[in-house]
Amino acid sequence: MLEMVPFTAFRVTWTGSGPRPARATAAVTRRTGTGRFTPHMEMLDSRRLTGRGLLLDGPGAVVEIKVEADRRDAAIAAWREAATRMLAAVGWDGERLAVRRYRGGTSLAFTAPMDALYAATDLNEWAWGAAADSLASGERPRLEGQDFVAAVERLRATIAEERRPALLAIHDAARERGITFLAGEDEISLGSGK
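In short, a report on the structure. Just so you know, these numbers come straight off a predicted model, no measurement behind them.

1. Topic: the overall build of the chain
Consideration 1: Regarding its fold elements, the chain presents five helices and eight strands.
Consideration 2: Traced from its N-terminal end to its C-terminal end, the chain shows the element sequence β-β-α-β-β-α-β-β-α-α-α-β-β.
Consideration 3: Out of the 194 residues in the chain, the part that is buried amounts to 41%.
Consideration 4: Nonlocal contacts in the chain, meaning residues at least 24 apart in sequence, comprise 59% of its contacts between residues at least 6 apart.

Shown next, in the form of C-alpha cells:
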C-alpha cells in the first residue's frame with residue numbers, strides 16, 4: 001500500500017506476504033533516490049521556520065522524522081554529515097544545525113537566510129534523503145559524484161530564484177534601529193505601534 005503523506009514524504013507499508021510490489025519500491029525511489037526500502041524511518045513533516053522558536057534563534061528549515069530508537073543516533077549523524085556538506089556546497093556554511101529528540105520522533109533543523117526558506121526546506125529534505133539512503137545501505141552518505149553535483153546545481157538555482165535582497169536590506173535596517181520586522185509571503189510590517 002502506498003499512501004501520500006503531507007509535505008511530499010512517502011510512507012510505504014507492505015503487510016502482504018511475499019516480496020514487496022514494485023510500486024512500493026518506486027515510491028521509495030522517488031523519496032530517497034536509491035529504491036532501498038527503509039521500513040523503520042519516515043519523514044513526518046518538512047517546513048520552513050520564519051523566525052525564533054523552540055529549535056532555532058532565527059529563520060530556517062526543519063524536518064520531523066520517525067526512526068527506531070536504536071537507529072536514532074546514526075540517523076542524526078548521517079543527516080548532520082549530509083546537511084553540513086550541502087550547506088557548504090550552496091554557500092551557506094555559516095548556518096547552525098539543531099536537533100531535538102522527543103518521544104516518537106526527532107526534529108532536524110538548520111538556520112537559513114530568511115529570503116530562501118523554501119530552498120532551505122528542499123535542502124533539508126535532500127539531506128534527510130541522503131541520510132535515509134545511508135542508513136539503508138549501511139554506508140556513509142554519498143556526498144560526491146554526479147547526483148550530488150546535480151543536487152547542488154538545482155538547489156543553487158532555487159536559492160538564486162528565491163532571493164530577495166531588498167527584503168534583507170529592510171530587515172537589517174529595522175534590526176539596527178530596534179524596530180519590529182514581520183515578513184509574510186507578499187507583505188512586510190515594520191514597527192508595533194506606540
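That shown, we press on.
2. Remarks on the layout of surface pockets
Consideration 1: Within this model, the largest pocket holds a volume of roughly 720 Å³.
Consideration 2: If you trace the largest pocket, you find 27 residues lining it, with T50, P59, M114, H171 and F181 closest to the centre.
Consideration 3: Secondary structure elements with two or more residues in the lining of the largest pocket: α3 (117-137), α5 (165-177) and β7 (181-183).
Consideration 4: By residue number, the principal contributor to the lining of the largest pocket is α5, which donates five residues.
Consideration 5: Looking at the lining of the largest pocket, its residues break down into twelve nonpolar, six polar and nine charged.

3. A closer look at the environment of G184
Consideration 1: If you trace the backbone, G184 turns up in the loop between β7 and β8 (188-190).
Consideration 2: Relative accessible area serves as the criterion here: at 36%, G184 is assigned to the partly exposed category.
Consideration 3: Taking the C-alpha atoms as reference points, G184 and T50, separated by 134 residues in sequence, lie 8.9 Å from one another.

4. So, the packing of helix α2 (residues 69-89) against helix α4 (residues 145-162)
Consideration 1: Contact pair α2 / α4: the axes reach a minimum separation of 10 Å and the direction vectors enclose 60 degrees. Looking at the two axes, α2 sits oblique to α4. In terms of crossing hand, the pair formed by α2 and α4 is right-handed. Contacts between α2 and α4 pair R85, M86 and A89 from the former with F148, A151, V152, L155 and R156 from the latter.
Consideration 2: Considered class by class, the residues forming the contact of α2 with α4 number six nonpolar, no polar and two charged.

5. Quick look at the sheet that holds strand β3 (residues 41-49)
Consideration 1: Read across the open sheet, the four strands follow the order β3-β4-β6-β5; overall the sheet is antiparallel. Edge strands, defined here as strands with exactly one partner in the open sheet, are β3 and β5 (97-102). Going across the sheet, the axis of each strand differs from the next one's by a mean of 15 degrees, ignoring polarity.
Consideration 2: Strand direction decides the pairing type here: strand β4 (residues 60-67) and strand β6 (residues 105-111), joined by six bridges, are antiparallel. What sits directly across from A61, in β6, is F110.
Consideration 3: In the packing of α2 onto the sheet, contacts are made with β3, β4, β5 and β6, and the angle to β5 comes to roughly 165 degrees.

About the cut-offs
Residues numbered from 1 in each chain as written. Predicted model: local features only at pLDDT ≥ 70, side-chain atom pairs only at ≥ 80, totals over all residues. Heavy atoms only, no water. Helix = DSSP H or I, 4+ residues; strand = E, 2+ residues; numbered from the N terminus. Buried < 20%, exposed > 50% of the residue type's maximum accessible area, 1.4 Å probe, protein only. Contact = heavy atoms within 4.5 Å. 1 Å grid on protein atoms, 1.4 Å probe; cavity = no way out; pocket = protein on both sides within 12 Å on 5 of 7 lines; lining within 4 Å. Points joined across faces, edges and corners; volume = space filled by probe spheres on them. Nonpolar A, V, L, I, M, F, W, Y, C, P; charged D, E, K, R; others polar. Axes fitted to C-alpha atoms, helices over the stretch in contact; angles between N-to-C directions. Parallel < 35°, antiparallel > 145°, perpendicular 65-115°, else oblique. Left-handed = near helix turned anticlockwise from the far one by under 90°. Pairing = 2+ DSSP bridges.

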